[in-house]
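# Understanding the architecture of this molecule
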Amino acid sequence: MRTAAIGGVVLLALAASAMELAGANPLLGFYALLRGALGGPHQIAETLVQTTSLLFPSLAVALAFRAGFFNIGAEGQLVIGGLLAGLLGARLHLPGIAGLPLVLSAGALGGALWGGIAGALRARFGGNEVVATLMLNVIAALLANYLVVGPLHSPGAVGPETAELAPSLWLPTIAPGTRLTVAMPLGLLVAAGVALLLSHTVFGYELRASGANPQAARRAGIDQQWIALAAMLLSGGIAGLGGATIVTGVLHRFNVALSPGYGFIAIAVALVGELDPLRVVFAAFAFGILQSGSLTMQALAHVPKDVVTVIEGLIILALSARRFAPSAGRLRADERTG
Amino acid sequence: MSEPAEFLALALVKAAPLIFAALAGVLCERAGILNIALEGQLAAGAFVAVAAAAATGNALAGLAAGVLAGAVLGGVLGFAATRFGVDQIVAGTGLNLLAIGGAAFGLVVIFGQPGASPSVASLGAPGAHLLIATALACAFALHLVLYHTPWGLRVRACGENPRAVASAGLDPKSIRLLATTVGGALAGLGGVYLSLGELNLYSDGMSAGRGFIALAAVIFGRWTPLGATGAALAFGALSALQFILQRSGVPSELMQALPYLAALAALAGIAGRARAPRADGVPYVE
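Residues numbered from 1 in each chain as written. Chains lettered and ligands numbered in written order. Predicted model: local features only at pLDDT ≥ 70, side-chain atom pairs only at ≥ 80, totals over all residues. Heavy atoms only, no water.

### A few points about the overall build of chain A
In terms of helices and strands, chain A carries 14 helices and 0 strands. The helix and strand sequence of chain A, counted from the amino end, reads α-α-α-α-α-α-α-α-α-α-α-α-α-α. Its C-alpha atoms give chain A principal-axis dimensions of roughly 60 × 55 × 35 Å. Each of the 338 residues in chain A was classed as buried or not, and the buried ones make up 58%. In chain A, the proportion of contacts linking residues at least 24 apart, taken out of those at least 6 apart, comes to 76%. Of the roughly 13400 Å² of accessible surface on chain A, 68% is carried by carbon and sulfur atoms. Of the charged side chains in chain A, 18 are positive and 14 negative; the average position of the first set lies 6 Å away from that of the second. (Helix = DSSP H or I, 4+ residues; strand = E, 2+ residues; numbered from the N terminus. Buried < 20%, exposed > 50% of the residue type's maximum accessible area, 1.4 Å probe, protein only. Contact = heavy atoms within 4.5 Å. Areas by Shrake-Rupley, 256 points an atom, 1.4 Å probe, with all protein chains shown as cover. Lys, Arg positive; Asp, Glu negative; His and termini not counted. Charge placed at Lys NZ, Arg CZ, Asp CG, Glu CD.)

### A word on the interface of chain B and chain A
Each side of the interface is counted separately: chain B has 43 residues, and chain A has 44 residues. Taking both sides of the interface into account, the surface hidden between chain B and chain A amounts to around 3800 Å²; carbon and sulfur atoms contribute 79%. For the pair chain B and chain A, the number of links is 0 salt bridges. The tally of links from chain B across to chain A stands at 2 residue pairs in polar contact (both at pLDDT 80 or more). (Buried area = accessible area lost by both parts, 1.4 Å probe. Salt bridge = Lys/Arg side-chain N within 4 Å of Asp/Glu carboxyl O. Polar contact = N/O pair within 3.5 Å; in protein donor to acceptor, adjacent residues only side chain to side chain.)

### Remarks on the environment of Gly25 of chain B
Residues and elements named next belong to chain B. You can see Gly25 is positioned in helix 1 (residues 3-30). Separated by 169 residues in the primary sequence, Gly25 and Leu194 place their C-alpha atoms 18 Å from one another. Among residues more than four places away in sequence, those in contact with Gly25 are Leu38 and Val218.

### Some thoughts on the layout of surface pockets
Residue and element names in this part refer to chain A. In this structure, the second largest pocket spans a volume of roughly 1100 Å³. Of all elements in the fold, only helix 1 (2-21), helix 2 (26-38), helix 11 (262-272), helix 12 (277-301) and helix 13 (307-319) reach the threshold of two or more residues within the lining of the second largest pocket. It is helix 1 that contributes the most residues to the lining of the second largest pocket, 10 residues altogether. When its residues are assigned to classes, the lining of the second largest pocket shows 27 nonpolar, 3 polar and 2 charged. (1 Å grid on protein atoms, 1.4 Å probe; cavity = no way out; pocket = protein on both sides within 12 Å on 5 of 7 lines; lining within 4 Å. Points joined across faces, edges and corners; volume = space filled by probe spheres on them. Nonpolar A, V, L, I, M, F, W, Y, C, P; charged D, E, K, R; others polar.)

### Comments concerning helix 10 (residues 225-244) of chain B
The terminal C-alpha atoms of helix 10 of chain B, which comprises 20 residues, lie 29 Å apart, in line with the 28 Å expected from a rise of 1.5 Å per residue. Pro225, Ala228, Thr229, Ala231, Ala232, Phe235, Gly236, Leu238, Ala240 and Gln242 of chain B are the residues of helix 10 of chain B that are buried. (Expected span 1.5 Å × (residues − 1).)

### Side note on the pattern of salt bridges
Residues and elements named next belong to chain A. Summed over all chains, the structure comprises 6 salt bridges over all chains. Glu161 is paired through a salt bridge with Arg253; the nearest N and O atoms lie 3.2 Å apart. Residue Glu161 is found in the loop between helix 6 (129-149) and helix 7 (183-200), and its partner Arg253 is found in the loop between helix 10 (224-251) and helix 11; the two are separated by 92 residues along the sequence. Accessibility expressed as a relative area gives 21% for Arg253, which makes it partly exposed.

### Quick look at the packing of helix 2 (residues 38-56) of chain B against helix 4 (residues 88-111) of chain B
Residues and elements named next belong to chain B. In contact at an axis separation of 7 Å, helix 2 and helix 4 are set at 20° when each is read in the N-to-C sense. It follows from the interaxial angle that helix 2 and helix 4 lie roughly parallel. Our pair here, helix 2 against helix 4, has a crossing hand that is left-handed. Across from Leu38, Glu39, Gly40, Ala43, Ala44, Phe47, Val50, Ala51 and Ala54 in helix 2, the residues of helix 4 making contact are Asn96, Ala99, Ile100, Ala103, Gly106, Leu107, Ile110 and Phe111. Of the residues assigned to the contact of helix 2 with helix 4, the class counts are 13 nonpolar, 3 polar and 1 charged. (Axes fitted to C-alpha atoms, helices over the stretch in contact; angles between N-to-C directions. Parallel < 35°, antiparallel > 145°, perpendicular 65-115°, else oblique. Left-handed = near helix turned anticlockwise from the far one by under 90°.)

### Let's talk about the environment of Arg176 of chain B
All names here are of chain B. On the secondary structure map, Arg176 appears in helix 8 (residues 172-198). As a C-alpha pair, Arg176 and Leu42 span 134 residues in sequence and 20 Å in three-dimensional space. Of note is the side chain of Arg176, whose polar atom sits 3.1 Å from the backbone oxygen of Cys158. A distance of 3.1 Å separates a polar side-chain atom of Arg176 from the backbone oxygen of Val282.

### Thoughts on helix 6 (residues 150-160) of chain B
All names here are of chain B. Of the residues making up helix 6, those classed as buried are Gly152, Val155, Cys158 and Gly159. Seen along its axis, helix 6 keeps its buried residues to an arc of 120°; they face one direction. The exposed set on the far side of helix 6, more than 90 degrees from its buried face, consists of Pro150 and Leu153. The elements touched by buried residues of helix 6 are helix 1, helix 5 (124-148), helix 7 (162-167) and helix 8. (Arc of directions from axis to C-beta.)

Dropping the structure here:
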């Protein structure tokens, strides 16, 4: 707790000096940030939209980390999920009650597939999932660009995006006149689901045990190859579902720029939330404030919005000293010596 | 110039930054530090070089500053990994965000405009050619250092069994710290090549995933300087091919994706069993 408080103060000081450096008044900067994020009902709704978009990949990262897998690929999984949802949704003319579950499932499936590739490489060949997910992030972006501009270009779409989804496939808003949709309660539901899975099911126990001590888990008869695949399928699925909610709830189409790096910021969110699904919800809200207030801060206080990225990087760096599950490298090294 | 010669020249131009970054990756990983912050080190090198060149009007000062920026970032990773035992993957991710966000922030603060810097004094064509030659020379130099010097032996030992290094009365942490710092300087030089060699400015997203392609080259080159350089050259040739095939209907995204797909294939053991250094990415705890 005390370390966290000291860390918070240091971060605030660093942020303030960055604003000074930019020739802005730090007090005005913080004020503009908060006002942009929480200054009124619309600002709060938009902050919750950002929170939701961050929540899904953050839960995905937290789940994978708890199982001992460094899923650095939530970004790619989110993009593929959004891509499948957008490609399917732009061609689908169904009432929402049938179409929406279909489109959202397509997103989850796409993300699961993308995460599953890394999981399978690890399970089958012992391939480092960090490198695999990093590669898959770039491949996802290239694939998305190729498909929406090239062979699966939808008529009427300009730029690297699909056509607009039929309004029946838009997620219903829960606050009229805002972009806040049922994606938020859905995200909270997923958070509760992940929490229950981890703490109240045998499978969740096996995930945690494998993350905490892979050799002991293996000796206890937990199939480590299955855990690798299952953890990455599940993690990717959650991130992919998140991509699909951005498509159906926020943009109403897939655009290659649908994520300003949610999958990477998610790593910071998951770490601040101590990989605990319920605490991750609050962490996502805190980062949602940063994301949604940064534009107002730029407009009102003339602080470049990129200062937020710098702060997020610093937070990740600061929290990297925490003890996590053993990394893939350590697991392999131990397997060889043991 | 004849077409094959033109192609080769373009391949070298595209490969040079990859070679610098891949050599940085080899050095770090052979010492036992998985450096996924190569991307950030490229960006930092490129941006700081432009900022320093703008401030001094001297491209060589820019070069020195860019190399220094890479070395500092590499040193931070090495310091955090050896002194605080941080998770290298998480720290690397943080450093990438920090460097790329910092460069975007710096563009606005120093040049007063987002997106790209104005033109600054560049190294020009002779400078760029010299840097390409330097990249190739560095590959041989790193090969000699790693396999034919006592320090190289220590670096490789740190990547395989740091405890044995410590038993021999040496400090694996200092060796790893020096390796990541030198590695960062190499990646920084790759960044300088991008901003002051190929061009004369910095623009957001300039590193364009080259740090990740370099990681792929490290795996494909089986963690050896010459192997990684060969892979980087092959990836450079791929991007040169992309220019030639631009109008032939081959999707450019496929060409761009090939290095990453190749890395996945290498991870799946398709190019023979590739083995990472045993202690790659493993914190050393006394």
